[in-house]
Amino acid sequence: MQRSLIIADLHLVANEAEKNQLFEQFCQQAQNADQVFILGDLFNTWLGDDLSMPHYVKIITLLKNLSQKTSVLIMTGNRDFLLAQDFERQTGCQLIDSPYLLETNDHQYVLTHGDELCTDDQSYQQMKSILQHPITKAIFVRLPKRWRLKLSGQLRQKSIKAQQNKTKEIMDVNPSAVNELMKKYPSSDLVHGHTHRLNTHVEKTFTRYVLGDWSDTQGNAIEITDQLNRLEIR
């Protein structure tokens with residue numbers, strides 16, 4: 001029986017010892033799984049492999065050790081979309097595209113970060129289309145490190161300010177966008193993160209499982225074997 005573990009939205013920061021320790025505990029527990037999926041925003045900020053990896057030596061080591069025991073598949077999120085090939089080589093993890101179809105013996109699950117489903121947040125989607133365009137990414141990672149740090153800080157402040165004026169409904173997934181996605185995957189359920197709103201939504205033809213974000217003292221995961229279970233990480 002195949003065992004899969006799914007997490008998202010850890011938002012790891014190099015100097016946050018408690019949350020990094022919690023992730024280490026998860027990695028130790030996850031060694032018995034057949035595969036581990038991280039659905040975006042493992043890191044709170046990623047400014048390119050060359051600039052960010054030196055700050056996360058311990059996390060890179062944890063991922064490398066885990067990937068030697070089980071398959072680790074990582075989807076980028078809106079905070080760490082600049083994860084690239086050097087990260088893959090150093091960790092032994094595999095970067096995967098969204099959406100990803102996870103097939104078990106008797107069921108299918110569509111895995112995605114989830115931000116592409118928040119279509120009511122038009123300003124975010126416009127910014128995403130610019131920042132995550134392959135040309136923009138290629139230019140950004142070639143900028144001097146001090147420029148990348150400065151631009152990242154400016155963009156983050158702009159994002160925080162913009163979120164203060166948005167309703168919770170705007171920043172949640174759009175039901176029509178969810179339905180359009182799931183029409184492509186009949187007889188499947190959906191698992192995503194991004195919104196930080198841990199919940200289970202039972203729809204007419206599928207169930208939508210939302211992962212929550214991690215605090216310093218508690219995380220959450222989904223375990224899929226012959227059925228789906230939610231786990232607390234402490």
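Residues numbered from 1 in each chain as written. Predicted model: local features only at pLDDT ≥ 70, side-chain atom pairs only at ≥ 80, totals over all residues. Heavy atoms only, no water.

Moving on to unusual backbone geometry. Cis geometry marks the peptide bond from Ser98 to Pro99; its omega dihedral reads 0°. Here Ser187, not a glycine, exhibits a phi torsion of approximately 65°, which is positive. Assignment of secondary structure puts Ser187 in the loop between helix H8 (175-183) and strand E7 (188-192). Residue Ser187 is classed as exposed on the basis of its relative accessible area of 61%. With a phi angle near 75°, His194 is a residue other than glycine that sits in the positive phi range. Positionally, His194 belongs in the loop between E7 and strand E8 (199-202). (Helix = DSSP H or I, 4+ residues; strand = E, 2+ residues; numbered from the N terminus. Buried < 20%, exposed > 50% of the residue type's maximum accessible area, 1.4 Å probe, protein only.)

Bringing the pairing of strand E6 (residues 108-112) into the picture now. E6 sits mainly inside the fold: four of its five residues count as buried. In this sheet, E6 lies alongside strand E5 (residues 100-103) in antiparallel orientation, the contact comprising four bridges. Bridging from a neighbouring strand, Tyr100 pairs with Leu111 of E6. Connecting E5 to the antiparallel partner E6 that follows it, the hairpin turn spans four residues. Sheet topology note: the E6/E7 ladder contains five bridges and is parallel. From the neighbouring strand, Val110 faces E7, where its bridge partner is Leu190. (Pairing = 2+ DSSP bridges.)

For the rest of this paragraph, the subject is the sheet that holds E7. Here we have five strands laid out as an open sheet, ordered E5-E6-E7-E9-E8, and mixed in their pairing. Looking at the sheet topology across the chains shown, the edges are occupied by E5 and E8. For this sheet the average axis-to-axis angle between neighbouring strands, irrespective of direction, equals 20°. Where E7 lies against strand E9 (residues 207-210), three bridges are found, and the strand directions are parallel. Paired with Leu190 across the bridge in E9 is Arg208. Seen against the sheet, H8 touches E6, E7 and E9 and runs at an angle of roughly 130° to E7. (Axes fitted to C-alpha atoms, helices over the stretch in contact; angles between N-to-C directions. Contact = heavy atoms within 4.5 Å.)

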